[in-house]
Amino acid sequence: MAQYSLVSGSVGLITLKNPPVNALGAVVRHGIVDSVEKALSDPKVKSVVICGQNGMFCGGADIKEFGTDMKGPPLIPMFHSLEAANKPVVAAIEGGAFGGGLELALGCHYRIAHSKAKVGLPEVTLGLLPAAAGSQRLPRLIGVPAALNLITTGRHITAAEALQLGLVDQVADHNTVDTAVKFAQSVVGKSLDSRRISNFQCPPVPNVDVLFEEVMQKIRQTSRGAIAPIACVQAVRAAATLPYKDGLQKEKELMATLFTSGQARSLQYCFFAQRVVSRWSMPNGASWDTSKGRPIHKAAVIGLGTMGRGIAVALAQTGFSVVAVETQEKQFMDAKKAVAGMLERGAKRSGKVAAHDKIIYSQNLQAIADVDLVIEAVFEDMALKKRVFRQLSDVCKPGTFLCTNTSTLDIDQMAAETRQPELVVGMHFFAPAHVMKLLEVVYGPRSSPEAVAVAMQLGKKMGKVSVAVGNCRGFVGNRMLKPYRDQAYFLLEEGATPELIDQALEEFGFAMGAFKVYDLSGLDVGWKVRKEEGLVLPGGGSGKSARIRQGVRYSPLGDLMCEEGRFGQKTGRGWYQYDKPGSRDAKPDPWVHRFLEDYRARHGLVARRISNQEVLERCLYAMINEGFRILEDGIAAGPEDIDIIYVFGYGWPRHRGGPMFYANMVGLPIVLERLEHFAQANPDVPTLQPCNLLRKLVASGSPPISKWREAMKNVHSQL
Ligand SMILES: CCCCCCCCCCCCC/C=C/C(=O)SCCNC(=O)CCNC(=O)[C@H](O)C(C)(C)COP(=O)(O)OP(=O)(O)OC[C@H]1O[C@@H](n2cnc3c(N)ncnc32)[C@H](O)[C@@H]1OP(=O)(O)O
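So, how was this worked out
- Residues numbered from 1 in each chain as written.
- Predicted model: local features only at pLDDT ≥ 70, side-chain atom pairs only at ≥ 80, totals over all residues.
- Heavy atoms only, no water.
- UniProt positions renumbered as here; feature names shortened; annotations may be inferred.
- Core = buried A, V, L, I, M, F, W, Y, C linked by side-chain atoms within 4.5 Å.
- Buried < 20%, exposed > 50% of the residue type's maximum accessible area, 1.4 Å probe, protein only.
- Helix = DSSP H or I, 4+ residues; strand = E, 2+ residues; numbered from the N terminus.
- Polar contact = N/O pair within 3.5 Å; in protein donor to acceptor, adjacent residues only side chain to side chain.
- Salt bridge = Lys/Arg side-chain N within 4 Å of Asp/Glu carboxyl O.
- Pairing = 2+ DSSP bridges.
- Right-handed = clockwise from strand over helix to strand, strands pointing away.
- pLDDT = per-residue confidence, 0-100.

The name given to the chain in an unreviewed UniProt entry is Peroxisomal bifunctional enzyme, with the source organism recorded as Xyrichtys novacula. The record held by UniProt for the chain lists under Subcellular location (unreviewed entry) the comment "Peroxisome". Within the UniProt record for the chain, the comment given under Pathway (unreviewed entry) is "Lipid metabolism; fatty acid beta-oxidation."

Below you can see the structure in the form of C-alpha cells.
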C-alpha cells in the first residue's frame, strides 16, 4: 500500500509500504494513484514528498507479478501524472531506488538521496529494459553515454556518483525525508517546466551513430546471445534520436518482445534462485533459520599456491585478520610477493587502502594456534591433506572450524583425522578465489549445522554466492562436469574438432567451450587425477582396453595430449596453439587435426559430420542427467542450488537459467527421449542412462521446476 499524510502543514507525504523492498505491486500502485489525487486536490498541500518505509525507497516493479495478469494501474501514466502535477513532487531516496523505483523518482520533479543510498536501472539483469519510461528519461537527464552505461550494465551506483551525474539534486547525510520535506517547501512557487524530464532534449552527442555502433558491437561481443542489452541500446538510441512520445513507443515495442521471452524467464528465475539457495538446509533438517554460526575474527590459510593466495586476499579484503602459512621456502617467498601485488591491484580498482596489514605470513603451523577458522588449500592429495588435518587438530585451539578447499576429495576422510570432526566442512572456492563469486560449502555426514552456518556466513561476508551441498566426489559442480567433458571427448573421437565443439558451446552462451577451458586450466591437472585413479595406460592402451576402462567407455585423448607435453596455455600448445606459453589467444592447430585423424585411423573409427545440435544435446543432457542424479542422491537440496553453482562458477549463460532450468525449458520429456536415444547408441556410457528422478518427473506430468522439490521428497521417500 501507500500511506498518505499531511506533514509540516503543507506537504503531502506519500510513504510506500510493501516490505521488504516496497516493490510496486498492484496495491502500491493503487495507493500511489489515490495519494497523488488527494495531495493534488487538497488546497492546503503546496508540495509532495514520496518516500519508502523502513529506510528503503523502492526496489522497482514487483518481479513476482510478471508471470501474472498484472492488474492495477500501469506505471507509465502514473509517472506522467506525477510529472504533470502543478505542485512540486520530491523523491526522498533512502536505501535504494531500483528499476521502476528509480523510474518513479525520475517522474518526480526533484530527487534527494541519502548518502548511503544506491540507485540503478537493473532491468537488463532480469532480461528486460527500463520500460516505465526510464530508457527515455534517464538519457534526457544525464546524457546518452552515462545513461547507456547504467542501462546496459544495470549497475547500482552510489548517491555520490548519482549526484555527480546529475541524477539526484541533493545528497542528505541524516534524515532524508525531513530534508526532502524542507526542500519541497523551499521550491513551492518555482516553475516546474524545467523539472519535467520528458520535456528535455537529450544533450547532443557528437557522432551519435558512431557511438551507438561501437556500443552495439561491444555488447554483441560480450552479451553471449543475451537479447536484453541489445534492446536497451536500441531504446536509448530512440531517446537520443526521436521525440519523447515516439521514443516511448519504441520502448514499449522492445519491452513487448523481451517481456515474454525465455531469456527474461531464465534471468528472473536466477534472481529468485540466488535468494533461495541462501536459505540452505541439510538432509537432517538443520537449516539457515535454526542454525546459528559463531563470529569469526581471525582466520588462517594453509598452503599458498594459486588457491591459497586468492583465499588469503579475499579474506583480508573483507577485513579479516589472516595468518597465511606456507612451509616451502620458495613458494613462501613467491606467495608473499604475489599476494602483495594482488592486494595492490585490488586496492587500485576499489579505491580502498590495500589490506597488507591484515595478513601475517608464517612458515610455521604453530602461528595459527589462536585462529577461529582455518582454510586448508594444500596440494590436492588425500595423504597430504589427512596429515595437515591431523596437525591442525593438534595445533588449533578447541572449537576452531577446519575447512578444506578441496575441489573433489572426500571431506569425511579429512574430518576423521581430527578430534572434532563436526567442525570440518568444505569451502570450495573457484579460481581466482578473490574474484570468482561462487563458493560450494560442503557438509559431510559429521559436519555440524553450526560449522555449515559459519562457512555460509563467512562466504556471504566475503561477497560470495554460497551454496551448501553434500559430500560426494566432485560435489555438485565438478561431478556434473565429468559427463559433459566425457561427451566432448567422445565427440572428438567420432569426428568433431575442438573448434567445432567449442563454437557450439560458445554460441549457446558459455564464456568458453570445453577445450578452451581445458587449455586454460591445464590438461595435466586432470591427467594427474586420472593417473592416481589408475585410468591412464601408456600410449593410451591398446586392443580392447584402449577405449574402455573399468568396464565403461573411456577416451584416452587427453592422456595422449599430455604425453606429447601439450598441457594447454602454459606450454603454448594444447587443444589449440598459442603464440607463446602463457598466451591466451587460441588458434586452431592443424597438428591437433592430424593427431585426431591418426587416432581415429588407429582405432578404426570413421569420422562423421557432427552438428551443433548434437554437441549441445550430448554434452548438456549428459550433464543435466547427472544433475538429476545429484538431486536424487540428496547432494543438492533443489534445482536452484545446481543452477546457481553453474551460473556463478562454470560460465553457464545466466540468460539460460542454469542446466536444470534449461532442461525445464526444453521440456523434460524431450530431454528424457534424447537421453534414451543416446544411451541406446552408447550402452557403455552409463552416465547417459536416464536417471530415476527424471523418469519419475516425466511420468508425473513434468511439473514446473518450482515443484521439483516436492517431487524429490516423494522420490526420496520411495527409495
Ligand atoms: C505481452 C507484452 C507485455 C508488455 C509489457 C508489460 C510491461 C509491464 C511491466 C512494467 C515494468 C516496467 C519496468 C520496470 C521494471 C522493474 O522495475 S524490474 C525490477 C527492477 N528491480 C530490481 O531488479 C531490484 C531487485 N532487487 C534487488 O536487487 C535487491 O533485492 C535489493 C533491492 C537491492 C535489496 O537487496 P537485499 O537487501 O540484499 O535484499 P534481497 O534479499 O535481495 O531481497 C529481499 C526480498 O525482497 C525480494 N525482492 C527484491 N526486489 C524485488 C522486486 N523488485 N520484486 C519482488 N520481490 C523483490 C527478494 O526476492 C527477497 O525476497 P525473499 O527471498 O522472499 O526474502
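Right, let's get into the nonpolar core. Counting 89 residues, the largest nonpolar core has Phe515, Trp575, Leu620 and Phe628 as its most contacted members. No other element matches the eleven residues that helix H23 (residues 612-632) contributes to this core. Membership of the second largest hydrophobic core comes to 72 residues, among which are Ile32, Val36, Ile63 and Leu167.

Here the focus is the side chain of Thr406. Note that Thr406 resides in the loop between strand S14 (401-404) and helix H15 (411-415). Assessed through its relative accessible area of 1%, Thr406 is described here as buried. At 3.3 Å, the side chain of Thr406 and the backbone nitrogen of Thr408 are in polar contact. In this structure the side chain of Thr406 is engaged in a polar contact, spanning 2.9 Å, whose partner is the backbone nitrogen of Leu409.

With numbering aligned to this structure, UniProt lists the feature "domain: 3-hydroxyacyl-CoA dehydrogenase C-terminal" (unreviewed entry) at residues 474-578 and 615-702. As annotated, residues 615-702 comprises 67% helix and 0% strand, and the C-alpha atoms at either end are separated by 25 Å.

So, on to the pattern of salt bridges. Applying the stated criterion to the full structure yields 40 salt bridges. Put simply, Glu626 and Arg629 hold a salt bridge, and the shortest N to O gap is 3.4 Å. Placement of both Glu626 and Arg629 in helix H23 is noted, with a separation of three residues, approximately one turn of the helix. The same class applies to Glu626 as to Arg629, namely buried. By sharing partners, the salt bridges in this structure join Glu493, Glu494, Arg547, Arg553, Arg608, Glu614 and Arg618 into a single network.

Summarising burial for strand S10 (residues 298-302): four of the five residues are buried, a large majority. Note that S10 and strand S11 (residues 321-325) share five bridges and pair parallel. Along S11, the bridge assignment pairs Lys298 with Ser321. Between the parallel pair S10 and S11, the chain is carried across by helix H12 (residues 306-318), and the sense of this crossover is right-handed. Both S10 and strand S13 (residues 373-376) contribute to a ladder of four bridges, which runs parallel. Bridged to Val301 within S13 is Ile375.

Counting all residues, the mean pLDDT for the chain is 96, and 99% of those residues have values of 70 or more. Here the predicted complex scores 0.95 on pTM and 0.98 on ipTM.

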